[in-house]
Amino acid sequence: MKWINPYLEARERMVRDQIAGRGVHDRRVLDAMLHVPREAFVPEACRPAAYSDQPLAIGEGQTISQPYIVAAMLEALGLEGGERVLEIGTGSGYGAAVLAHIARAVHTIERIPALAKAARETLRRLGYGSVDVVEGDGTLGLERAAPYDAIVATAHGPGIPPSLRAQLRPGGRLVMPVADKDKGQMLVRVIRAGNGHDRMDHLEPVRFVPLVGAQGWPEGDTRGSVDLP
């Protein structure tokens, strides 16, 4: 008897209703999210809700983002394949896995040792061994692999860390949530200009955990903590 993946239908429904249904149309992003088993990146107790329209706790006070937000952020990067991408905030490794289906090289930084270790093991087990998982302060970026064609941060900062801006090549794009006095947090996209006059687009209000580090919020800052079910 042929084995049927019990999560496949839920994954297809997630992409159709939660992502494409809300206006994400980048075929590369949609295909990548159809291929990555989200259930493998959440704690076992959360697997029945792996494809629900909400963030989920992954331990250490961190979350895996709502599927739509993951897709919207990746679409905003405008990836065409072949890019070198830096992700800030590995979490469980889900975002890095999705990126690995699109980009040529993926480097991802996680400041919490237990999460970095678990993400590295999960990615390797699922065949994403080429993803470079680094434990460290993501606000400082990863100089050894710079410059990057795209950078995405999965936690919100008081502003764009100067180190990340400096490691983005001219014409490259950075997408991350930042503090906003009116909306609380705003997802923004920075397009790096060669003349120093970068363009910034305000995309949509969001809710992310704080980006902690030397060029982010101080350790213990709880502003922006997300409400979990």
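Anything mentioned here points back to the structure above.
Below is a summary of the structure that appears in this document. (Residues numbered from 1 in each chain as written. Predicted model: local features only at pLDDT ≥ 70, side-chain atom pairs only at ≥ 80, totals over all residues. Heavy atoms only, no water.)

Attention now goes to the overall build of the protein. Within the protein, the regular secondary structure consists of 6 helices and 9 strands. Here the C-alpha radius of gyration of the protein, 17 Å, is about what a compact globule of 229 residues would show, namely 17 Å. In terms of overall dimensions, the protein has a C-alpha envelope of 60 × 35 × 35 Å along the principal axes. Taking all 229 residues of the protein together, the buried fraction comes to 52%. (Helix = DSSP H or I, 4+ residues; strand = E, 2+ residues; numbered from the N terminus. Rg over C-alpha atoms; globule rule 2.2 N^0.38 Å. Buried < 20%, exposed > 50% of the residue type's maximum accessible area, 1.4 Å probe, protein only.)

A complete count under the given rule lists 14 salt bridges for this structure. A salt bridge links glutamate 219 to arginine 111; the shortest N-O distance between them is 3.3 Å. Residue glutamate 219 is found in the segment after strand 9 (199-205), and its partner arginine 111 is found in the loop between strand 4 (105-110) and helix 5 (113-125); the two are separated by 108 residues along the sequence. Given a relative accessible area of 33%, arginine 111 falls into the partly exposed group. For aspartate 182, the salt bridge identified is with lysine 181, shortest N-O distance 3.4 Å. The class of lysine 181 is exposed, set by a relative accessible area of 79%. (Salt bridge = Lys/Arg side-chain N within 4 Å of Asp/Glu carboxyl O.)

The next subject is the sheet that holds strand 5 (residues 132-135). Strand-to-strand pairing in sheets goes through backbone hydrogen bonds, with the strands running parallel or antiparallel. With respect to topology, 7 strands assemble into an open sheet ordered 5-4-3-6-7-8-9, the strand pairing being mixed. Looking at strand neighbours, the two that pair on one side only are strand 5 and strand 9, the edges of this open sheet. The average undirected angle you get between the axes of adjacent strands in this sheet is 20°. Sitting on the sheet, helix 3 (residues 67-77) is in contact with strand 6 (148-153), strand 7 (168-180), strand 8 (184-191) and strand 9, with an inclination near 145° to strand 7. In this fold helix 5 packs onto strand 4 and strand 5, with an angle of close to 165° to the strand it touches most, strand 5. (Pairing = 2+ DSSP bridges. Axes fitted to C-alpha atoms, helices over the stretch in contact; angles between N-to-C directions. Contact = heavy atoms within 4.5 Å.)

For the structure on display, the rule yields 1 cavity of 30 Å³ or more. One number sums up the size of the largest cavity: a volume of about 450 Å³. Looking at the largest cavity, it is lined by 32 residues, and the ones nearest its centre are Ile88, Gly89, Thr90, Gly91 and Thr154. Of all the secondary-structure elements, those providing two or more residues to the lining of the largest cavity are strand 2 (62-64), helix 3, strand 3 (84-88), helix 4 (94-100) and strand 4. In terms of residue class, the lining of the largest cavity is made up of 16 nonpolar, 12 polar and 4 charged. (1 Å grid on protein atoms, 1.4 Å probe; cavity = no way out; pocket = protein on both sides within 12 Å on 5 of 7 lines; lining within 4 Å. Points joined across faces, edges and corners; volume = space filled by probe spheres on them. Nonpolar A, V, L, I, M, F, W, Y, C, P; charged D, E, K, R; others polar.)

When two helices pack together, their arrangement is given by the angle between the helix axes and the distance between those axes. It is at 10 Å that the axes of helix 1 (residues 8-19) and helix 3 come closest, and there the two elements cross at 70°. Overall, the two elements helix 1 and helix 3 adopt an arrangement that is roughly perpendicular. Along the contact surface, helix 1 presents Met14, Gln18 and Ile19, while helix 3 presents Pro67, Tyr68 and Ala71. (Parallel < 35°, antiparallel > 145°, perpendicular 65-115°, else oblique.)

In this section: helix 2 (residues 27-35). Val29, Leu30, Ala32 and Met33 are the residues of helix 2 that are buried. For helix 2, the buried positions fall inside an angular range of 165° around the axis, keeping them on one side. Relative to its buried face, helix 2 has exposed residues pointing more than 90 degrees away, namely Arg27 and His35. At its buried positions, helix 2 is contacted by helix 1, helix 3 and helix 4. Measuring from the backbone nitrogen of arginine 28 back to the side-chain oxygen at the start of helix 2 gives 2.9 Å, which picks out aspartate 26 as the cap. (Arc of directions from axis to C-beta. Polar contact = N/O pair within 3.5 Å; in protein donor to acceptor, adjacent residues only side chain to side chain.)

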